[in-house]
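Overview (structure and organization)
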Amino acid sequence: MLPTVPVPPQHVDDYAEAAGPEAVDRLRQAAESLRGARVLHVNSTAFGGGVAELLFTQVALMNDLGIDTTWQVIEGAEDFFTVTKFAHNGLQGAQVPWTPDMEAIYLDRCRSNAAGLAEGYDYVVIHDPQPAGVLGVLEEEGRRAGRWIWRCHIDLSAPHRPVLDFFTRRVAGYDGMVFTMREFAPPGLTGPRLFVIPPSIDPLSLKNGFVDHETAYEVLNRYGVDRARPILTQVSRFDPWKDPLGVIDAYRLARREHPGLQLLLVGSMAHDDPEGWHYLEVTETYREGDPDIYLLSNLQEVGHLEVNAFQRASTVVVQKSLREGFGLVVSEAMWKEVPVIGGDVGGIRLQIEDGVSGFLVSSVEECAERASELLSDPDLRMKMGRAGRERVRERFLTLRELEDYVRMLAAL
Ligand code: UDP
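Below is a short write-up of the structure.

Overview of the sheet that holds strand β7 (residues 231-235)
The six strands are arranged β9-β8-β7-β10-β11-β12 in an open sheet whose pairing can be described as parallel. Each edge of the sheet is formed by a strand with only one pairing partner; in this case those strands are β9 (293-296) and β12 (359-361). In this sheet, neighbouring strand axes are inclined to one another by 20° on average, regardless of whether the strands run parallel or antiparallel. Pairing of β7 with strand β10 (residues 316-319), which is carried by two bridges, proceeds in the parallel orientation. Its bridge partner lying in β10, Leu 232 is registered against Val 316. Its contacts with the sheet put helix α10 (residues 275-287) on β8 (262-266) and β9, and the angle it makes with β9 is roughly 165°.

Written out as structure tokens, the structure reads:
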């Protein structure tokens, strides 16, 4: 049997203060017809990256709504996750190699993972490409039961064709598929019914809940960051699409005008992302020993509380992605009233209204200019910070996403 991720219980009513009591009532009503239904979520890691982050809250709250929900994680060796990382990059548009051997490694693992999947569920929600192939295996073996949904968190609008064609065949038999934005659905994918559901952040989690100044400063001290000088931060996996090298370039440009500036690059190492280790080294080399650039990760015990503290203590947060499914870190920082400069791509565009709740940028130079502008202007930072928090309250908190999910399941 595949491992099940235990999640501590949480209660929908506790969200009334952050999201408003009407949001709680609406959600309860929407969930009424699903009471007693059984839902299985499947992804490829219990820790690291946005999907694990989302499931932690969603699974707990679905159970609180009376929907019997379980979360299982597929298993894979390094060769499998190397192939799925190529697939991930290819689906986002990189010209990766894609060979029959790679397909065989992928399908082989899907077979063993399908054998370990829990049975008896009314709905199975499969997250991202890694576990997508298990449905095909169950169909071949005549064991398909329930409604199947493919929740794709990445942008498939401009994919590398051979990889897309392979995955199109894997997901053709699903009943529904969910994308963060309508534009992310690949041209020509027919079969599953299309739903659009942007992700959300949990305002009550250790990552996003309130942290007082003292705790935040204690965390900065622990990592040797100077609280008296301005801090620019990017929190994200070490991945070329997140462009940590571009962030270092932008920091170096902005530092000409703000000599005291420090840069925090905080990234967790997920076990389903073998490229992360390599890219951490590449970033470390690029740092060139600059003592004001901090490369931190869970290896230095940076957990949810620490990320929360770093985001809060930042003068400006950047998420200079070149491609981005959504970028939970953007909403996480906006919720904390910190101004965010984001790459003008994918889901970041949903979150930041350029010039109002943050800035959207398309180059290192633009990123540096906007950072400089914000670093020089405390009023602008405060104004954008406040607008950011409102934007997240309206659109990107947990209960809204849960309501969208529940409506989607009911529609299927
Ligand atoms: N994250 C974290 N520690 C880190 C780096 C990232 O907890 O060192 C979290 C981050 O706060 C966010 C998630 O991992 O909740 C990343 O999600 P996002 O959607 O931004 O990017 P993804 O990794 O899914 O591409």
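And the narrative resumes.
Describing the nonpolar core
Nonpolar side chains in soluble globular proteins generally cluster together in the buried interior. Within the largest apolar cluster, 42 residues are counted, with the highest numbers of intra-cluster contacts made by Trp 148 and Trp 150. Every element with two or more residues in this core is listed here: β1 (38-43), α4 (78-91), α5 (100-115), β3 (123-127), α6 (134-140), β4 (147-151), α7 (161-171) and β5 (176-179). Once residues lying within four places of it in the same chain are set aside, the contact partners of Trp 148 are Leu 117, Val 124, Ile 126, Val 134, Leu 135, Leu 138, Tyr 174, Asp 175 and Gly 176. Among the nonpolar cores identified, the runner-up in size contains 29 residues, and Ala 254, Val 361, Cys 367 and Ala 371 belong to it.

With respect to the pattern of salt bridges
Tallying each qualifying case throughout the model produces 31 salt bridges. Notably, a salt bridge pairs Arg 28 with Asp 13, separated by 3.1 Å at the nearest N-O pair. Taken together, the residues span a long stretch of sequence, with Arg 28 in helix α2 (residues 21-31) and Asp 13 in the segment before α1 (16-19) at a distance of 15 residues. The exposure class of Arg 28 is partly exposed, given its relative accessible area of 31%. Given the relative accessible area of 47%, Asp 13 is considered partly exposed. When the shortest N-O distance is used, the salt bridge between Arg 255 and Asp 292 registers 3.0 Å. Pair noted here: Arg 255 is in helix α9 (residues 244-257) and Asp 292 is in the loop between α10 and β9, with a separation of 37 residues, a long-range link. A relative accessible area of 25% means that Arg 255 is categorised as partly exposed. Linked through salt bridges whose partners overlap, the residues forming this network are Lys 85, Arg 237, Asp 239, Asp 273 and Glu 275.

Considering the site of the ligand
Around the ligand, a shell composed of 16 residues is seen, among which Gly 50, Arg 237, Lys 242, Ser 268 and Glu 332 lie nearest. In this structure, Glu 53 approaches the ligand through a side-chain N or O atom, which is 3.5 Å from an oxygen atom. One of the side-chain N or O atoms of Arg 237 is found 2.7 Å from an oxygen atom in the ligand. In isolation the ligand exposes 550 Å². Once the protein is present, 91% of that is buried. Counting only elements with at least two residues in the shell around the ligand, the list comes to α3 (50-64) and α12 (328-335). Looking at which element gives the most residues to the shell around the ligand, the answer is α12, with three residues.

Side note on α5
Here α5 spans 23 Å end to end across 16 residues, near enough to the 22 Å set by a 1.5 Å rise per residue. Where α5 is concerned, the buried positions are Met 102, Tyr 106, Cys 110, Asn 113 and Ala 114. Down the axis of α5, the sector holding all buried residues measures 100°, keeping them to one side. Among the exposed residues of α5, those pointing more than 90 degrees away from its buried face are Pro 100, Asp 101 and Ala 115. As for α5, its buried residues are in contact with α4, α6 and α7.

Definitions and limits used
Residues numbered from 1 in each chain as written. Predicted model: local features only at pLDDT ≥ 70, side-chain atom pairs only at ≥ 80, totals over all residues. Heavy atoms only, no water. Pairing = 2+ DSSP bridges. Helix = DSSP H or I, 4+ residues; strand = E, 2+ residues; numbered from the N terminus. Axes fitted to C-alpha atoms, helices over the stretch in contact; angles between N-to-C directions. Contact = heavy atoms within 4.5 Å. Core = buried A, V, L, I, M, F, W, Y, C linked by side-chain atoms within 4.5 Å. Buried < 20%, exposed > 50% of the residue type's maximum accessible area, 1.4 Å probe, protein only. Salt bridge = Lys/Arg side-chain N within 4 Å of Asp/Glu carboxyl O. Near = heavy atom within 4 Å. Polar contact = N/O pair within 3.5 Å; in protein donor to acceptor, adjacent residues only side chain to side chain. Areas by Shrake-Rupley, 256 points an atom, 1.4 Å probe, with all protein chains shown as cover. Expected span 1.5 Å × (residues − 1). Arc of directions from axis to C-beta.

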